Amino acid sequence: MMFLWKSCIWLIAILTITGCEDSVDIETIRKCHIIAHRGGTANYPENSLAAIEHAISIGADVVEFDVRLSKDSTIVVCHDDDIVRITNGNGQIKELTLDAISSYNLIYDGQVTDQHIPTLEDVLSLVNKRAWLYIEIKEASIPLERRLMHLLSRYNYLDNVSIISFDYQSLKRLSEYNQDVDLRYLFYNTADSVILESSEFSHISGFILDHYCMNKEVVDKIKHIHKSIDVYVLNDIKDMPAEYYDWIDGIISDDPQYWINYKCN
């Protein structure tokens, strides 16, 4: 009897999981852009050239990565404000020169790799318009913003990029530098007062929401002003209610291959 009871529990669990997955209309996923978070971290060090190249090779629609300004005013691709977690070195990005940053190796799964923290120019040269880019400004400043716009113009990339940030004022300044550049506002707090000021969003093409923040009220406000919605960081189809997939335009994931498999099947 105990065996039968345990078997029933396992069967219910399996059916619940399968039911959750099956209730998502796969066509809603197929219409979504698949965005490789930090270049895609499932197989390579985050924000590395290897991760970015892999994301492109598997067919990710968009490659997302983070930028910061080094001590010698070089834009480098790094999420954290220091290099302790991601490399075999230490120090704050803003207090290190590019030579110092480049002397350390990126770490993946506890192992030192042959990858280094790339510069924005390294990434632009590597990608060469083979994918759309989401460039997240991690620590906003006028020098970084001006340098970013200069490099995007120099590499003729202004028509193949979205600049994203949690810093609304940074996005506003960027729109003043160039009215045509695509800008997207990141947020994780549904009580954020900025989202209530719909008249302020003429320069922003979309919003990027933490999938835990998704709710009908917020979505309706965004859709009312005709802006797109991407969600982050979504690594499993069961991590978000099925009906939410009807609301979104893009999925930001550490494992873009997972979602590409859904789109291709």
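Everything here concerns the structure above.
Residues numbered from 1 in each chain as written. Predicted model: local features only at pLDDT ≥ 70, side-chain atom pairs only at ≥ 80, totals over all residues. Heavy atoms only, no water.

Draft legend 1. Up close: the packing of aromatic side chains. Enumeration according to the criterion identifies 13 aromatic pairs in this entry. Between Y168 and F201, the aromatic rings sit 5.8 Å apart at their centres with planes inclined by 85 degrees, giving edge-to-face as the arrangement. Separated by 33 residues along the polypeptide, Y168 in helix α7 (residues 168-177) and F201 in the loop between β8 (182-187) and β9 (206-210) bring together distant segments of the chain. Overall, Y168 belongs to the buried group, its relative accessible area being 10%. Relative to F207, the ring of F201 lies with its centre 4.8 Å away and its plane at 80 degrees, an arrangement referred to as edge-to-face. The pair formed by F201 and F207 is uniform in burial state, with each residue classed as buried. The rings of Y168, Y185, F187, F201 and F207 are connected pair by pair, giving a single aromatic cluster. (Phe/Tyr/Trp six-rings, centres within 6.5 Å; stacked < 30°, edge-to-face > 60°. Helix = DSSP H or I, 4+ residues; strand = E, 2+ residues; numbered from the N terminus. Buried < 20%, exposed > 50% of the residue type's maximum accessible area, 1.4 Å probe, protein only.)

Draft legend 2. Representation of the pairing of strand β6 (residues 132-137) within the structure. Across the six residues of β6, five count as buried, placing the element largely inside the fold. As paired strands, strand β2 (residues 62-69) and β6 are joined by six bridges and run parallel to one another. Bridging from a neighbouring strand, V62 pairs with W132 of β6. Across four bridges, the pairing between β6 and strand β7 (residues 161-165) is parallel. By the bridge assignment, I135 is partnered in β7 with I163. (Pairing = 2+ DSSP bridges.)

Draft legend 3. Looking closely at the pairing of strand β1 (residues 33-36). As judged from the four bridges shared by β1 and strand β11 (residues 250-253), these two strands associate in the parallel manner. Its bridge partner lying in β11, I35 is registered against I252. Here β1 pairs with β2 via two bridges, running parallel. Bridge pairing links I35 to V62 in β2.

Draft legend 4. Molecular detail of the nonpolar core. Counting residues in hydrophobic clusters, the biggest one holds 62 residues, and the most contacted among them are F65, M214, Y245 and I248. At five residues, helix α6 (residues 142-154) tops the list of elements feeding residues into this core. Ignoring sequence-local partners within four residues, the contact set of Y245 consists of V24, T28, I29, K31, L234, D236, I237, M240, I251 and W259. In this structure, C78, I83, I86 and I93 belong to the second largest nonpolar core, which totals nine residues. (Core = buried A, V, L, I, M, F, W, Y, C linked by side-chain atoms within 4.5 Å. Contact = heavy atoms within 4.5 Å.)

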